[in-house]
Amino acid sequence: MRNTLMPALLGVAVAFAAGTAAAATLDEVKSKGFLTCGSNTGLAGFGYPDDQGNWKGIDVDLCRAIAAAIFNDPEKVKFVPLSAKDRFTALQSGEVDVLVRNTTWTMSRDTALGLNFAGVNYYDGQGFMVRKDLGVTSAKELSGASVCVQQGTTTELNLADFFRANGMDYEVVAFASSDETVKAYDSGRCDAFTTDASGLYAERLKLTNPDEHIVLPEIISKEPLGPVVRQGDDQWFSLVKWVHNAMINAEELGVTQANVDEMRNSSNPEIKRLLGIEGEFGTAIGLTNDWAYNIIKHVGNYGETFDRNVGPDTELGIARGLNALWTKGGLMYAPPIR
Amino acid sequence: MATIDIEHGAASRVAWYNDPRIRGLIYQALLVAVVAFLLYEAISNAAENLRRANIASGFGFLNATAGFSINQKLIEYSETSTYGRAFLVGLLNTLIVAAIGILLATILGFIIGIARLSRNFIINRMAYVYVEVVRNLPLLLQLLFWYNAVLTPLPAPRNSIELPGGIFLNNRGIVMPTPVLESAMAIVAAVILAGVVAAFAYRSWARRRQLETGMQYPVFRVALLLVIGLPALALVLTGFPISFEVPELRGFNFAGGTPIYPEFFALLIGLVTYTAAFIAEIVRAGILAVSHGQTEAGAALGFRQGKILRLIVIPQAMRVIIPPLTSQYLNLTKNSSLAVAIGYPDLVQVFAGTVLNQTGQAVEVILITMGVYLTISLVTSAFMNWYNRRVALTER
């Protein structure tokens, strides 16, 4: 019932909200004393509450970094778990200040939905998972298959495009939540399960026998995932964008959680500007000049959050790949702070 | 004379603002104005907020290409169809599950309601346990139970259970042979129609004869012969102008044939068993509301148990049964929106789910969805009110 009611209630909220939600998000966040961050309902490595109820993940870390930049305290975040279906309405209606929930940046979302994407914190692509005993080795062999998918995602559209482009038949079975989708696949309702490749690795951990399933090699789409804010509040948009950029720049400059204090004495002008020793970059986005220092001190740089949550040493074991820095053959490239 | 004077005087002496009739009008006008103002505020506020948030609005999106697929559809639909078409697919899926659900829940509910009053201890207790268990568990839980209970024990398509008549059962549902009709089928169809008409004609003739002469005719048996026997004869005479496209295993699943999906089954079973428990209680209450004297009077006339129930008790009980029954029908229709939890593409799942999300037009989509449920409810209730008036006791 919750799923059914949410959009309705939020729709009503959009209709009656006093209209102040769009402007001055930063002032509002400061006055209520915490950030509300739209999060996944539970996707290992990206956004999930652990067994003690602490939110973990690469998306969660970005939320904590924003809180650290504003409050010098990464704990001042309230996580609002949202299904794929409810997330945009929640952001539009002001229920959350920022949405960091493995959300794909697309043109229609960036324009007609009244949203702004503040960067890409994970370059992903859509893939398929199947049972090994099916004997399928390529997504091109999936003609006639039934595919489980979570509704209200770009995944659902890419799936249709892929099968149509390759002239293959398929049967789609769509569910409102990712848990239901995975469960239906696990019980044999579908031959294949599709979502972003990162999600496939994360969801595979939830299956009864993870070893009996393989991820097919094809990546059928571009899925740049990133933080989203409402249109119409440029200050807040810049803030979220630059928190993300600061974390990438910090990795590039070799500033880590461990060495950030000694880096304050660095003679490198780029590091000096990043850590607020030189320039007034923090005040330009409504924060103090040590904003980036606080992010790195409390949360770490981009590479650190990647390694901690999804990297090769974690359960997910994802290689940096496209998400490596541009200097190391990847796509992570942040504009300079100057 | 005196009395008239007093009345006259009273009417003219009261000031207009103390006249209850005029006062009533003023209050009504005020209320209408307040409601109109609130509506205007809500609409203009929503429009302003949407504009400010740069969210596109209007109903133009219904003509845009949907781009997603739906597995269960009663009308043609593909990824290239429009959002408006997707809306129709969802609407029809809701209507069919509601219509079949209402029919089956009514039958099951009446059986259990009557069983609940049975003098046989075991039947009586079983009905009691059924009602108490089913009525007190949340429907969502039951749907998930049915979905997983229907789905998990079934084998994968390659190891399908083969039922007689080319029907296959697996965890993708039931695949049945599709009947392919030949041209001579038109004759059979005409015969079926003629049989039904003849059965109705015979029934009214038999009624009239009974009123005139008191003779009873075997209406049921004759009707059965007309409706089933006659078409069967026609089928034989025309040489069975019907063939079946038998499903066969090809690749991942069966190709050909008509599939019925487990999501539909689970939703239907869940809705029917749940609503039937409530209908059973309504039927029981209705029957108990009929005075026992009526049963005794029937028995005194020499009617047997079944006839007393059918001709005397139930018609009187219907008066009590129909109003709450209507609300159960409405509940069933509205509850079908829980389909979203088990992946059945009903109106809420397709339209208020996927379409809303792909277009972001929350206000429009929710308005349309609410309008649809309101319309379905009003139509159902209008029909039941009409039926209620028809079966109401006519006092002569």
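Remember, predicted model here, so these are calculated numbers, not experimental data. (Residues numbered from 1 in each chain as written. Chains lettered and ligands numbered in written order. Predicted model: local features only at pLDDT ≥ 70, side-chain atom pairs only at ≥ 80, totals over all residues. Heavy atoms only, no water.)

Our focus in this paragraph is the UniProt feature "domain: Solute-binding protein family 3/N-terminal" (unreviewed entry) in chain A. Those places that UniProt annotates as "domain: Solute-binding protein family 3/N-terminal" (unreviewed entry) correspond, in this numbering, to residues 34-263 of chain A. Helix makes up 33% of residues 34-263 of chain A and strand makes up 23%, while its end C-alpha atoms are separated by 29 Å. (UniProt positions renumbered as here; feature names shortened; annotations may be inferred. Helix = DSSP H or I, 4+ residues; strand = E, 2+ residues; numbered from the N terminus.)

Here the focus is a nonpolar patch on the surface. All names here are of chain B. Together, I192, V196, F200, F220, L224, V227 and I228 make up an exposed nonpolar region whose accessible area comes to about 660 Å². The set of elements that each furnish at least two residues to the nonpolar patch consists of α6 (185-213) and α7 (219-237). Mapped onto the elements, F220 comes out in helix α7. Looking at F220, the relative accessible area reads 65%, which means it is exposed. (Patch = residues over 30% accessible without salt bridge, like charges linked within 9 Å, V, L, I, M, F, W, Y side chains within 5 Å. Areas by Shrake-Rupley, 256 points an atom, 1.4 Å probe, with all protein chains shown as cover. Salt bridge = Lys/Arg side-chain N within 4 Å of Asp/Glu carboxyl O. Buried < 20%, exposed > 50% of the residue type's maximum accessible area, 1.4 Å probe, protein only.)

With that settled, consider the sheet that holds strand β2 (residues 167-170) of chain B. All names here are of chain B. Spatially, β1-β2-β3-β8 is the arrangement adopted by the four strands of the open sheet, whose pairing is antiparallel. Two strands in the sheet have a free side with no partner beyond their single neighbour: β1 (161-163) and β8 (258-260). For this sheet, the mean angle separating the axes of adjacent strands, direction not counted, is 20°. In the sheet, β1 pairs with β2 via three bridges, with the strands oriented antiparallel. Its bridge partner being in β2, I161 is matched across the sheet by L169. (Pairing = 2+ DSSP bridges. Axes fitted to C-alpha atoms, helices over the stretch in contact; angles between N-to-C directions.)

Residues and elements named next belong to chain B. Applying the stated criterion across every chain, the model contains 16 salt bridges over all chains. Residue R135 pairs with E132 through a salt bridge whose shortest N-O separation is 3.2 Å. With R135 and E132 both in helix α4 (residues 121-135), this residue pair falls three residues apart, about one helical turn. Because the salt bridges share partners, they merge into one network encompassing R116, E132, R135, E281 and R284.

Entries for chain B in the domain assignment read domain 1 (17-54), domain 2 (83-138 + 259-391) and domain 3 (179-245). Spacing between the C-alpha centres of domain 1 of chain B and domain 3 of chain B amounts to 59 Å. (Domains from an automatic or database assignment.)

All names here are of chain A. Relative to the helices and strands, Q235 resides in helix α9 (residues 234-252). Here Q235 falls in the partly exposed class, since its relative accessible area comes to 33%. In this structure the C-alpha to C-alpha distance between Q235 and S267, which are 32 residues apart in sequence, comes to 30 Å. Those residues within four positions of Q235 in sequence are excluded, and the remaining contacts are L26, I285 and G286. (Contact = heavy atoms within 4.5 Å.)

With that settled, consider empty space enclosed by the protein. All names here are of chain A. In the structure shown here, the tally under the stated rule is seven cavities of 30 Å³ or more. Taken as a whole, the largest cavity holds about 270 Å³ of empty space. Around the largest cavity sit 24 residues that line it, and N102, Q150, T153, T155 and T195 are the ones nearest its centre. Of all the secondary structure elements, the ones that give two or more residues to the lining of the largest cavity are β9 (145-150), α6 (154-165), α7 (178-186), β11 (192-196) and α8 (197-204). The element best represented in the lining of the largest cavity is β11, accounting for four residues. Looking at the lining of the largest cavity residue by residue, the class counts come to five nonpolar, 13 polar and six charged. (1 Å grid on protein atoms, 1.4 Å probe; cavity = no way out; pocket = protein on both sides within 12 Å on 5 of 7 lines; lining within 4 Å. Points joined across faces, edges and corners; volume = space filled by probe spheres on them. Nonpolar A, V, L, I, M, F, W, Y, C, P; charged D, E, K, R; others polar.)

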